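Chain by chain, the residues run as shown.
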Amino acid sequence: MASTLKKLVSDEGRYLKSFQLFLDNSSEHQCMQEFVHGTLPDILARIGDGKSSVNVLGVGSGGGKIDLQMLSQLQKKYPGISVNNEVVEPCAEMIDAYKELVSKTPNLENTKFTWHKMTSSDYEHHRTEKNITTKMDFIHMIQMLYYVSDPSATVKFFRSLLSRTGKLLIILVSGTSGWAKLWNTYKDELCDTNLSQCITTQEIKEYLDAKGIKYQNYELPSSMDITKCFTEGDENGELLLDFLTEICDFSKTAPKDLKAAVMDLLRHPECSKEIDGRIIFNNTLGALVLEP
Ligand SMILES: C[S@@+](CC[C@H](N)C(=O)[O-])C[C@H]1O[C@@H](n2cnc3c(N)ncnc32)[C@H](O)[C@@H]1O
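Here is a short report on the structure shown in this document. Predicted model, so just to flag it, every value in this text is computed and none were measured. (Residues numbered from 1 in each chain as written. Predicted model: local features only at pLDDT ≥ 70, side-chain atom pairs only at ≥ 80, totals over all residues. Heavy atoms only, no water.)

1. Examining the overall build of the chain
Worth spelling out the cut-off: For the purposes of this entry, the term helix denotes a DSSP run of H or I that reaches at least four residues, the term strand denotes a run of E that reaches at least two, and both are numbered from the N terminus. Radius of gyration: C-alpha atoms only; globule rule: 2.2 Å multiplied by the number of residues to the exponent 0.38. With a 1.4 Å probe rolled over the protein chains alone, any residue whose accessible area is under 20% of its type maximum counts as buried; one over 50% counts as exposed, and the rest are partly exposed. Only heavy atoms matter for contacts: two residues are in contact if any of them lie within 4.5 Å across the pair. Here the open area of atoms and residues is found with the Shrake-Rupley method and a 1.4 Å probe, where only the protein chains shown may cover a residue. Under the counting rule used here, the positive set is Lys and Arg, the negative set is Asp and Glu, and His together with the chain ends is not counted. To locate a charge, take NZ of a lysine, CZ of an arginine, CG of an aspartate or CD of a glutamate.
Scanning the chain from terminus to terminus reveals 12 helices and 10 strands. Here the C-alpha atoms of the chain give a radius of gyration of 19 Å, agreeing with the 19 Å that 2.2 N^0.38 yields for 292 residues. Considering the chain as a whole, with its 292 residues, one finds that 53% of them fall into the buried category. Considering only contacts in the chain between residues 6 or more positions apart, those separated by 24 or more positions represent 80%. Accessible surface, the chain as shown: approximately 13600 Å² in total, 49% of it carbon and sulfur. Computing the positive centroid from 32 side-chain charges and the negative centroid from 40, the chain places the two 5 Å apart.

Encoded structure:
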């Protein structure tokens, strides 16, 4: 049965608020930062070898916080190298936030930014129409494949843009996370079938394995405090619940039995742990690194 509940992504203002709350209540960006500082330098080890400039492409970059940290690691690896950094991001507000962050960040004088206010599929058309053939040395898609209609085709397209030593980094929630349990149980009720909202790295790995494409897989442990979701009427709790269910105003609009069942599942040991009276959701991420 396809869900008739209003999707959170259809209300940009509420989506942005709930996404920010998710960031504030989770270790999402901390665990990415650890990955960027601890593991990414090795991943980027050879991408700029013998080059005076490298091409980087961020797809679904949001406010650019993680992007700029990755660029900083790249500059550390290749001091003084010129970086052409292209950003594909459909949300104007996010691009503005990214530009503001750039204006406040030191040591970016060797980095040129090109902004594409468009979706990944629009970018694909843009390249075809303009006959652009530039190869990319590093492409990243962090927490964005949920929003495309065909993730495998998207991965295939962006991988085809890689230079000989290029790398494609994909980060999504892991198949071992609480999200996977939630989506495996309530996909029909919660997920938008026009998009791929309920995918994890597990589905991408299955696609890559089926095609015989090699990749490296990293698990990034992360958690999210969802205690507020269980306080009836708590505004922030309701926004967080919207983020978890991807439904607008889930607490007020979901059928009673669905709401009760989802709330129950969110506390289930396969989704969360109770620590010192707080409900801590398993937000483990998966990072996949592909070569051309
Ligand atoms: C969950 S946010 C992740 C942002 C950032 N990468 C991070 O991890 O903080 C998803 C981002 O993907 C963007 N997005 C949504 N649909 C997209 C699409 N079809 N193509 C490219 N980006 C998209 C959204 O505007 C949003 O900025």
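2. A closer look at the sheet that holds strand β8 (residues 272–275)
Definition in use: We call two strands paired when DSSP finds no fewer than two bridges between them. Axis definition: a line fit to C-alpha positions, over the contact stretch in the case of helices; interaxial angles, taken between N-to-C directions, run 0 to 180 degrees.
The antiparallel open sheet is built from 3 strands, whose spatial order is β7-β9-β8. Two strands in the sheet have a free side with no partner beyond their single neighbour: β7 (223–225) and β8. Ignoring which end each strand starts from, the neighbouring axes of this sheet average 30° apart. Sheet topology places β7 next to strand β9 (residues 278–282); 3 bridges connect them, and they run antiparallel. Bridging across to β9, Ser223 finds its partner in Asn282.

3. Details of helix α6 (residues 120–129)
Quick note on the threshold: What the arc covers is the set of directions going from the helix axis to the C-beta atoms.
Looking at α6, one finds that the buried residues are Ser120, Tyr123 and Arg127. Buried residues of α6 fall within an arc of 50° about the axis and therefore sit on the same side. For α6, the exposed residues set more than 90 degrees away from the buried face come down to Thr128 and Glu129. Taken together, the buried residues of α6 touch β1 (53–59), β2 (82–88), β3 (111–116), β4 (136–142) and α7 (151–159). A positive phi of about 55° marks Asn131, the residue just after α6.

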